[in-house]
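# Chain and residue survey
Each chain, written out:
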Amino acid sequence: MSREILLLSGPNLDELGTRSPEIYGHQTLEEHVDRFGAQAKAHDFTVRHLQSNFEGDLIEAVHAANGVAAAIVINAGALTHTSWALADAMASFSGVKIEIHLSNPAAREPFRHLSTLAGVVNGSIAGFGALSYDLAVEAVARLLS
Ligand code: DQA
């Protein structure tokens, strides 16, 4: 069985570190990804990461992961609140699926309260900052053990 986790990062997450640090923290995306990779390695997983500001890139990455990756961990950024197309793609992925967020969208502006992904993933982890990424690795490892 595959031990690959596809980590997907949506729009504007490439700006982490300087983007609203009071909400998202000071760590860059690269730092989150490195840490995620190290934690995954400790559980004997490999990680492939894609960040894109384009919805279609993320959808195609989900399609390509079917039958290849064991799990998808996705922080879709604002596409979380708008993209039914990404949700449809995620619904067709047969492995483990975890939605993550650095902030807690439910405690923020009303437009962030809807997640198109929430209904098609195994579970959602939000509001723990960098720890959201660690918890996602832990969830994948436990669900696939
Ligand atoms: C986010 C929350 C989203 O509402 C926002 O659009 C982001 C980041 C988070 O990680 O907290 O880009 O996904």
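The present account deals with the structure reproduced in this document. Here the residue index of a chain counts from 1 through its sequence in written order. The model is predicted, so local features are restricted to residues of pLDDT at least 70 and side-chain atom pairs to those at 80 or more, both for listing and for counting; the totals for chains, interfaces and linings are taken over all residues. By convention in this description, side-chain values take in all heavy atoms of the structure and omit both hydrogens and water.

Taken together, Arg-19, Tyr-24, Asn-75, Gly-77, Ala-78, His-81, His-101, Leu-102, Ser-103 and Arg-112 form the complete shell of residues around the ligand. In protein, a polar contact requires one atom able to donate a hydrogen and another able to accept it; more generally it is a pair of N or O atoms within 3.5 Å, and residues adjacent in sequence count only if both atoms are side-chain atoms. Contact between the ligand and Ala-78: an oxygen atom at 3.2 Å from a main-chain N or O atom of the residue. The separation between an oxygen atom of the ligand and a polar side-chain atom of Arg-112 is 2.8 Å. For the ligand, whose free accessible area comes to 320 Å², the fraction covered by protein is 99%. Counting atoms within 2 Å of the grid points, the majority share of the ligand lands in the largest cavity. In this count, Pro and Cys sit with the nonpolar residues alongside Ala, Val, Leu, Ile, Met, Phe, Trp and Tyr, while Asp, Glu, Lys and Arg are called charged and the others, Gly among them, polar. Residues belonging to the shell around the ligand are distributed by class as follows: 3 nonpolar, 5 polar and 2 charged. Near residues are defined by distance, with any heavy atom within 4 Å of the molecule or strand qualifying the residue. Accessible surface area values rest on a Shrake-Rupley calculation with a 1.4 Å probe, where residue burial reflects the displayed protein chains alone. Within this scheme a cavity is a closed region of a 1 Å grid, computed over the protein atoms alone, that accommodates a 1.4 Å probe without allowing it to escape, whereas a pocket is open but has protein on both sides within 12 Å along at least five of seven lines; lining residues each have an atom within 4 Å of a point. More than half of a molecule's atoms within 2 Å of the grid points is what it takes for that molecule to sit in a cavity or pocket.

It is worth spelling out the packing of helix α3 (residues 55-65) against helix α5 (residues 84-91) at this point. Taken N-terminus to C-terminus, the directions of α3 and α5 make an angle of 10°; their axes are 9 Å apart at the nearest point. Classified by the angle their axes make, α3 and α5 are roughly parallel. Here Glu-55, Leu-58, Ile-59, Val-62 and His-63 of α3 lie close against α5, whose contacting residues are Ala-85, Leu-86, Ala-89 and Met-90. Only the contacting stretch of a helix is used when fitting its axis, a line to C-alpha atoms as for every element, and angles between N-to-C directions run 0 to 180 degrees. Elements are defined by DSSP. Helices are runs of H or I of four residues or more, strands are runs of E of two residues or more, and each kind is numbered from the N terminus. Here the word oblique covers every angle except those under 35 degrees (roughly parallel), over 145 (roughly antiparallel) and from 65 to 115 (roughly perpendicular). Any two residues having at least one pair of non-hydrogen atoms within 4.5 Å are treated as being in contact.

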